[in-house]
Amino acid sequence: MQELEFTLEEQMAVFGIQDQNIKLIEQAFSVSICARNTKIEISGETEAEIQNAASVLNHLKLLYENHNEITMDVVYRMVESVQTGEIHEALGAMSNIIVIANTNRPIKCKTIGQKNYIQALRENTVTLCIGPAGTGKTYLAVAQAVADLKDGKVERIIMSRPAIEAGEERLGFLPGDLSQKVDPYLRPLYDALNDILGVESVQKYLERGVIEIAPLAYMRGRTLNRASIIIDESQNASLSTLKMALTRLGEGSKMVLTGDITQIDLPKKEDSGLERCASILNGIEGISIVRLNNRDVVRNRLVKDIVKAFEKAETEKKINAGGKTPPRGRRKGSV
């Protein structure tokens with residue numbers, strides 16, 4: 001058994017509503033955690049599991065002291081980091097402030113992969129970020145672009161994505177003029193900006209041309225100087241389109257291409273140019289290829305399980321396809 005010292009306030013924050021955080025830790029390490037006044041007792045079958053649970057609790061206490069909200073997702077990431085031996089790296093990532101949002105809320109990295117992504121954005125001229133849904137590819141790119149704009153490193157932010165249908169809706173059937181037709185496809189970019197800068201500030205920046213959001217096809221023929229350029233949903237662009245976008249890069253500009261190769265909405269998935277683009281550009285100085293995975297999912301924790309389930313199904317599909325015996329030709333003389 002091991003004892004820890006927590007104030008009642010710290011216990012309330014770390015334990016969570018109806019002790020939901022503690023139940024998660026108990027289940028992860030097969031331990032029992034009991035609070036007695038300011039003492040927290042941890043008991044279990046093995047000393048290693050007791051130490052791991054104590055490590056999670058102590059680090060959650062440290063996060064709380066540094067004014068971090070202790071949610072179930074944070075607890076889950078702390079548990080996973082202790083299990084993989086990366087707790088110190090995870091804490092370092094979570095202390096990495098990218099920019100202060102309009103509500104004085106610090107925008108921080110939440111995983112080691114996200115920290116590496118932000119470092120790549122800061123140190124390189126071009127960054128390609130490939131990863132599953134919910135890993136913060138777009139949101140962090142917008143946050144870093146806003147930080148660069150506030151610091152005077154760039155003069156404007158240009159955001160774009162292909163206007164490719166992802167379901168039943170078709171561009172031609174949507175109501176309104178061309179601007180109104182493409183607006184739904186660009187809405188995720190507006191959402192990220194509004195969350196970080198606030199709706200009023202975003203509107204002012206749009207009116208002054210400091211922020212520009214447009215379909216990818218509108219980039220042709222332009223030279224983009226002193227700008228932070230974000231090409232979102234790049235998996236839905238062909239290699240030639242991505243080449244067009246990359247060659248718009250002007251003096252003093254940076255560009256990031258984000259995409260999820262498991263969510264290609266093109267009629268022919270093989271037309272997607274993102275993976276080929278990453279392969280062609282790999283190794284060039286000033287260009288970074290960042291790959292996030294299901295461990296970097298920071299949406300609802302269920303999203304991580306969904307991503308894992310689809311990855312498993314895709315892997316099994318490839319194995320089964322590869323293991324099929326090709327049909328044999330007829331033997332001579334057979335009917």
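Higher on the page you've got the structure.
Everything quoted here is computed from the prediction, not taken from an experiment. (Residues numbered from 1 in each chain as written. Predicted model: local features only at pLDDT ≥ 70, side-chain atom pairs only at ≥ 80, totals over all residues. Heavy atoms only, no water.)

## Quick look at the sheet that holds strand β6 (residues 126-130)
- If you walk across this open sheet you meet the six strands as β8-β7-β9-β10-β6-β11, and the pairing is parallel. Edge strands, defined here as strands with exactly one partner in the open sheet, are β8 (211-215) and β11 (287-291). Going from strand to strand, the sheet's axes swing by 15° on average, the running direction of each strand aside.
- Bridge count between strand β7 (residues 156-161) and β8: five bridges; the pairing is parallel. Counterpart to S160 in the pairing with β8 is A214.
- On the sheet, helix α6 (residues 112-123) packs against β6, β10 (254-259) and β11 and is oriented at approximately 150° with respect to β10. (Pairing = 2+ DSSP bridges. Helix = DSSP H or I, 4+ residues; strand = E, 2+ residues; numbered from the N terminus. Axes fitted to C-alpha atoms, helices over the stretch in contact; angles between N-to-C directions. Contact = heavy atoms within 4.5 Å.)

## Examining the nonpolar core
- Y117, V142, V146, M159, L193 and I213 are the most contacted members of the largest nonpolar core, which has 36 residues in total.
- For this core, the elements supplying multiple residues, two or more each, are β4 (97-100), α6, α7 (137-150), β7, α8 (178-197) and β8.
- At eight residues, α7 tops the list of elements feeding residues into this core.
- When neighbours within four sequence positions are excluded, Y117 is seen to be in contact with T127, C129, G136, K137, L140, A141, V256, T258, V290 and L292.
- Membership of the second largest hydrophobic core comes to 30 residues, among which are F15, L24, L57 and I70. (Core = buried A, V, L, I, M, F, W, Y, C linked by side-chain atoms within 4.5 Å. Buried < 20%, exposed > 50% of the residue type's maximum accessible area, 1.4 Å probe, protein only.)

## Quick notes on the packing of helix α3 (residues 47-65) against helix α4 (residues 72-84)
- Contact geometry for α3 and α4: axes closest at 10 Å, N-to-C directions at 135°. By the angle between their directions, the pair α3 and α4 is classed as oblique. The two elements α3 and α4 cross, and the hand of that crossing is right-handed. Of α4, the residues touching α3 (which contributes N52, S55, V56, H59, L60 and L63) are V74, V75, M78, V79 and V82.
- Classifying every residue of the contact of α3 with α4 by side-chain character gives eight nonpolar, three polar and no charged. (Parallel < 35°, antiparallel > 145°, perpendicular 65-115°, else oblique. Left-handed = near helix turned anticlockwise from the far one by under 90°. Nonpolar A, V, L, I, M, F, W, Y, C, P; charged D, E, K, R; others polar.)

## Description of the pairing of strand β2 (residues 31-36)
- Taken together, the six bridges between β2 and strand β3 (residues 39-44) define a ladder with antiparallel strand orientation. Looking across to β3, one finds that R36 is bridged to K39.
- Linking two consecutive strands that pair antiparallel, namely β2 and β3, is a turn of two residues; a positive phi of about 55° is found at N37 within it.

## A closer look at the side chain of S228
- Mapped onto the secondary structure, S228 falls in strand β9 (residues 227-231).
- Non-local contacts of S228, meaning those with residues more than four positions away in its chain, are made with A145, V154, R156, I157, I158 and K254.

## Quick notes on helix α11 (residues 274-281)
- Residues of α11 that are buried include every one of L274, C277, A278 and L281, and no others. Seen from one end, α11 has its buried residues packed into an arc of 100°, which puts them on one side. The exposed residues of α11 that point more than 90 degrees off its buried face are S279 and I280.
- On the buried face of α11, the contacting elements are β6, α10 (239-246), β10 and β11.
- In the segment just after α11, G283 is the residue with positive phi, at about 95°. (Arc of directions from axis to C-beta.)

## Description of the packing of aromatic side chains
- Going through the model one piece at a time under the given rule, you end up with zero aromatic pairs.
- Above the plane of the ring of F6 lies K61, whose end atom (NZ or CZ) is 5.0 Å from the centre. (Phe/Tyr/Trp six-rings, centres within 6.5 Å; stacked < 30°, edge-to-face > 60°. Lys NZ or Arg CZ within 6 Å of the ring centre and 35° of its normal.)

## Overview of the packing of helix α1 (residues 8-15) against helix α2 (residues 20-29)
- Interaxial distance between α1 and α2 falls to 6 Å at its minimum, and their mutual angle equals 70°. Overall, the two elements α1 and α2 adopt an arrangement that is roughly perpendicular. Contacts from A13, V14 and F15 in α1 reach Q20, N21 and I22 in α2.
- Here the contact of α1 with α2 is built from residues that sort into four nonpolar, two polar and no charged.

## As for the pattern of salt bridges
- Throughout the structure, instances matching the rule amount to 11 salt bridges.
- Where R161 meets D232, a salt bridge forms, and the shortest distance between an N and an O atom there is 3.9 Å. Here R161 is found in strand β7, whereas its partner D232 is found in the loop between β9 and α10, with 71 residues between them in sequence.
- For R161, a relative accessible area of 10% gives the class buried.
- The network of salt bridges with shared partners includes E80, E86 and R295. (Salt bridge = Lys/Arg side-chain N within 4 Å of Asp/Glu carboxyl O.)

## Examining the sheet that holds β3
- In spatial order, the strands read β1-β3-β2; together these three strands make up an open sheet with antiparallel pairing. Strands with a single pairing partner mark the edges of an open sheet, and in this sheet they are β1 (2-5) and β2. Taken over all neighbouring pairs, the strand axes of this sheet differ in orientation by 20° on average, direction set aside.
- Together, β1, β2 and β3 form the strand contacts of α3, whose direction differs from that of β1 by roughly 5°.

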